[in-house]
Amino acid sequence: MSEQNIIGKGTWIDKLASELLEREEKLGRSTDLLRVESGLGASGIPHIGSLGDAVRAYGVKLALENLGYKSELIAYSDDLDGLRKIPEGLDVDKENIGKRVSKIPDPFGSCHDSYGSHMSSLLLDGLDNLGIKYIHKTAHETYKKGLLNDQTLKMLDKSKKIGDKIEELTGQQKFQTILPYFPECHNCGKLYTTESFDYIKDEKKVLYRCKDSVIGYDDKRNKDKKGKYLGCGHEGESIIGKDLGKLAWKIEFAARWKAFDIRFEAYGKDIMDSVKVNDWISDEILDFRHPHHTRYEMFLDKGGKKISKSLGNVVTSQKWLKFGTPQSILLLLYKRITGARELGFEDIPSLMDEYDELEKIYFGKIKIDNEAKLVKSKGLYEYVNLLNPPTQIQPYASYRLLLELCKIFKEDRINRINKKLVDYHAIKETSTDIDNLITLAGNFADEFDISEKIEIEINSITKKALTELVLLLSDGEEIEDIQNAIYQIAKGNGVEPRDFFKVLYQIILSTTKGPKIGPFIMDIGRKNVAEKLHAHI
Ligand SMILES: [Zn+2]
Ligand SMILES: [Zn+2]
């Protein structure tokens, strides 16, 4: 790859930013301020993938700034979303289903003024922990201030055309009979039970009735499952801008894009239909060329299902940070953008070690011959550090090594492991960074079973050598010089000792390098190591 072919830092983020710029230029719009947007759900406990949208949009903002433009990230919490389903394990009265989440009491006590603000605050806290800067807007405030009034009135005026287009693009017929606007019922306070059936343009109001409604909700375990919400039968009118209500989701994005002058918003595969409709509305009804998009990858739980916000055992960023650094989350989210990926806490060890590898590449401690790969790796490292990378390499010890040591040393852990690391020449000296890593790995080792078997190819002569080593380790006899014993076993079987050590590191630590293996084996226990090796012969 030649110099001039590299855009920005050479990552997908830079490519996306430059596509965006090219498009804006073609459209002839001002590029004085390029706003990117990300939606934040407020209806369930946010899993780590929910941060992805905002973190990646922030990456695009950084890339634009790096290319010399001004940019900001709008993080929009949809707290007018009606609650469709009570998340598992949460104490929420059934009466609240169908009400907007900003009207439902906080199920976690009185720490926030509503269910919605508790959930949004978890997401914002997650972003703050990662160092993401954003301008926060909520749907509630946005509608209350009337920021979407013009767009709402325009869309109500064209509701027939919009209803037809929604059917054409998505097959959904609902908006052929009702208006795409949900007022909050004046009687029961629910939002998803109201149906607007008439728009009185001169008075800027809709007429609605509150009736039983059926709304699909996000639960991939019960595909197409729908909830039934009981309406109260009330009939009333709702004045746009005065009474609270919200646009149907299929058309609301467009209103926001126009109102906030948004130039980029990513989306997940699951809302592709909505994006199609919103793009058309933005272009044709609101006369605002829709923002540049990209489709981002979805996160699946280990069962291959999309992580649903309403399932228990959510992989939250708060919990992740008990075991891994903010950089491990940022690496997860900046690594790539397309596809679908399974995700769980068990990914933390490899992400931690992968970050260290990137750091070593960045500081030239690991040589990469492939120029394109080098540029990309360095660029990724910079994005993971939000384009403000450290000026020197940080102290690090292999996370997997720490896990093994944490399993053995449970008391006075930091001191004892530090001593071992120095003994093994894994670190030169103790530091708060290493103490912190030991704490993280310790939390992980205490909470999860880390004895997963890794898949490696082992040839038959190496297997023979391994068998001999297993016998030696299982034998109760004292081993005088284990390092030498391993060396001799390799030699005796015609295996290059260096390669044999490599296999041992792979089996014990899932890496190809490690501390002096002999003393380390004695520390983590002969029997323990024999069991690990045995699984591979
Ligand atoms: Zn709260
Ligand atoms: Zn009602």
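Right above here is the structure, for reference.
Description of the structure in this document.

For the chain, the count of helices and strands is 21 helices and 15 strands. A principal-axis box enclosing the C-alpha atoms of the chain has dimensions of 95 × 55 × 40 Å. Scored against the burial criterion, the 537 residues of the chain give a buried share of 53%. For the chain, contacts bridging at least 24 residues in sequence account for 70% of all contacts bridging at least 6.

Strand order in the open sheet formed by four strands is β3-β2-β1-β11, and the pairing between neighbours is parallel. On the outer flanks of this sheet lie β3 (135-138) and β11 (262-265), each paired with one strand and no other. On average, adjacent strands in this sheet sit at an angle of 35 degrees to one another, irrespective of strand direction. Bridge count between strand β1 (residues 34-40) and β11: three bridges; the pairing is parallel. Its bridge partner being in β11, R35 is matched across the sheet by I262. Strands β1, β2 (71-77), β3 and β11 of the sheet are contacted by helix α8 (residues 249-260), whose axis makes an angle of about 135 degrees with β11.

Below, the discussion takes up helix α21 (residues 526-534). Residues of α21 that are buried include every one of R526, V529, A530, K532 and L533, and no others. When α21 is viewed along its axis, its buried side chains cluster within an angular range of 165 degrees and face the same direction. Considering only its buried residues, α21 is in contact with α14 (399-408), α17 (460-474), α19 (497-509) and α20 (517-524).

What follows covers the packing of aromatic side chains. The tally for this structure, following the rule as stated, stands at 17 aromatic pairs. Arranged with centres 5.6 Å apart and planes meeting at 75 degrees, the rings of F323 and F345 form a pair that is edge-to-face. With F323 in helix α10 (residues 317-323) and F345 in the loop between β15 (340-342) and α12 (348-362), the pair connects residues that are 22 residues apart, well separated along the chain. Per residue, the accessibility class of F323 equals that of F345, and both read buried. Each ring, one from Y362 and one from F363, has its centre 5.0 Å from the other, and the planes form 85 degrees; the classification is edge-to-face. A relative accessible area of 22% means that Y362 is categorised as partly exposed. Every member of this aromatic cluster is reached through a ring pair, and the members are W320, F323, F345, Y399, F444 and F448.

Another aspect to go through is the coordination of the zinc ion (ligand 1). Coordination of the zinc ion (ligand 1) by the protein is provided by D106 (OD), C111 (SG), H112 (ND1) and H118 (ND1), with metal-donor distances spanning 1.9 to 2.2 Å. Here the zinc ion (ligand 1) is ringed by four donor atoms whose angles at the metal span 96 to 118 degrees, and the overall shape comes out tetrahedral. Each donor residue of the zinc ion (ligand 1) lies on one chain, and together they are spaced D-x4-C-H-x5-H. A relative accessible area of 47% means that C111 is categorised as partly exposed.

The protein atoms donating to the zinc ion (ligand 2) are C185 (SG), C188 (SG), C210 (SG) and C232 (SG), with metal-donor distances spanning 2.2 to 2.3 Å. One can describe the donor arrangement at the zinc ion (ligand 2) as tetrahedral, given that its four donor atoms subtend angles of 104 to 114 degrees at the metal. Ordering the donors of the zinc ion (ligand 2) by residue number gives the pattern C-x2-C-x21-C-x21-C.

Here we take up helix α9 (residues 272-285). With 14 residues, α9 extends 19 Å from end C-alpha to end C-alpha; this agrees with the ideal 20 Å at 1.5 Å per step. Looking only at α9, the buried set comprises S274, V275, V277, N278, D279, W280, I281, S282 and I285. Each element contacted by the buried residues of α9 is listed here: α5 (149-157), α6 (159-170), α8 and β12 (267-268). Just downstream of α9 lies D287, where phi reads positive at about 55 degrees.

Let us look at the nonpolar core. Counting 101 residues, the largest nonpolar core has I132, W320, Y334, Y399, L421 and F500 as the members making the most contacts within it. The element that contributes the greatest number of residues to this core is helix α2 (residues 48-66), accounting for 10 residues. Discounting chain neighbours no more than four positions away, the residues touching F500 are T462, A465, L466, L469, I486, I489, A490 and V495. If you look at the next biggest cluster of nonpolar residues, it comprises 40 residues, including L153, I162, I251 and W280.

We now examine the environment of S317. Among the secondary structure elements, S317 is positioned in helix α10. When its relative accessible area of 4% is taken as the criterion, S317 is described as buried. With residues up to four places along the chain from it excluded, the contact list for S317 reads I48, L51, G126 and I329.

All right, on to the sheet that holds strand β6 (residues 205-210) then. What the three strands build is an open sheet, ordered β5-β6-β9; its pairing is antiparallel. The open sheet has two free edges, formed respectively by β5 (194-200) and β9 (235-239), since each of these has just one partner strand. For this sheet, the mean angle separating the axes of adjacent strands, direction not counted, is 30 degrees.

With that out of the way, let us pick up the pattern of salt bridges. One pass over the full model with this rule turns up 34 salt bridges. Salt-bridge contacts for E24 lead to R29; the nearest nitrogen and oxygen are separated by 2.8 Å. On the basis of relative accessibility, which here comes to 17%, the residue R29 falls in the buried class. Linking E235 and R209 is a salt bridge whose minimum nitrogen-to-oxygen distance equals 3.9 Å. Of this pair, E235 sits in strand β9 while R209 sits in strand β6, and the two are 26 residues apart along the sequence.

This brings us to the environment of F288. Its place among the elements puts F288 in the loop between α9 and β13 (295-296). The class of F288 is buried, set by a relative accessible area of 10%. When the C-alpha positions of F288 and K161 are compared, they lie 17 Å apart, and in sequence the two are 127 residues distant.

Rules of the game
Residues numbered from 1 in each chain as written. Chains lettered and ligands numbered in written order. Predicted model: local features only at pLDDT ≥ 70, side-chain atom pairs only at ≥ 80, totals over all residues. Heavy atoms only, no water. Helix = DSSP H or I, 4+ residues; strand = E, 2+ residues; numbered from the N terminus. Buried < 20%, exposed > 50% of the residue type's maximum accessible area, 1.4 Å probe, protein only. Contact = heavy atoms within 4.5 Å. Pairing = 2+ DSSP bridges. Axes fitted to C-alpha atoms, helices over the stretch in contact; angles between N-to-C directions. Arc of directions from axis to C-beta. Phe/Tyr/Trp six-rings, centres within 6.5 Å; stacked < 30°, edge-to-face > 60°. Donors = N, O, S within 2.8 Å, 3.2 Å for Na, K, Ca; no water. Tetrahedral: all angles 85-135°; square planar, octahedral: opposite > 155°, others 65-115°. Expected span 1.5 Å × (residues − 1). Core = buried A, V, L, I, M, F, W, Y, C linked by side-chain atoms within 4.5 Å. Salt bridge = Lys/Arg side-chain N within 4 Å of Asp/Glu carboxyl O.

Fair warning: the whole summary comes from geometry, so function is off the table for now.
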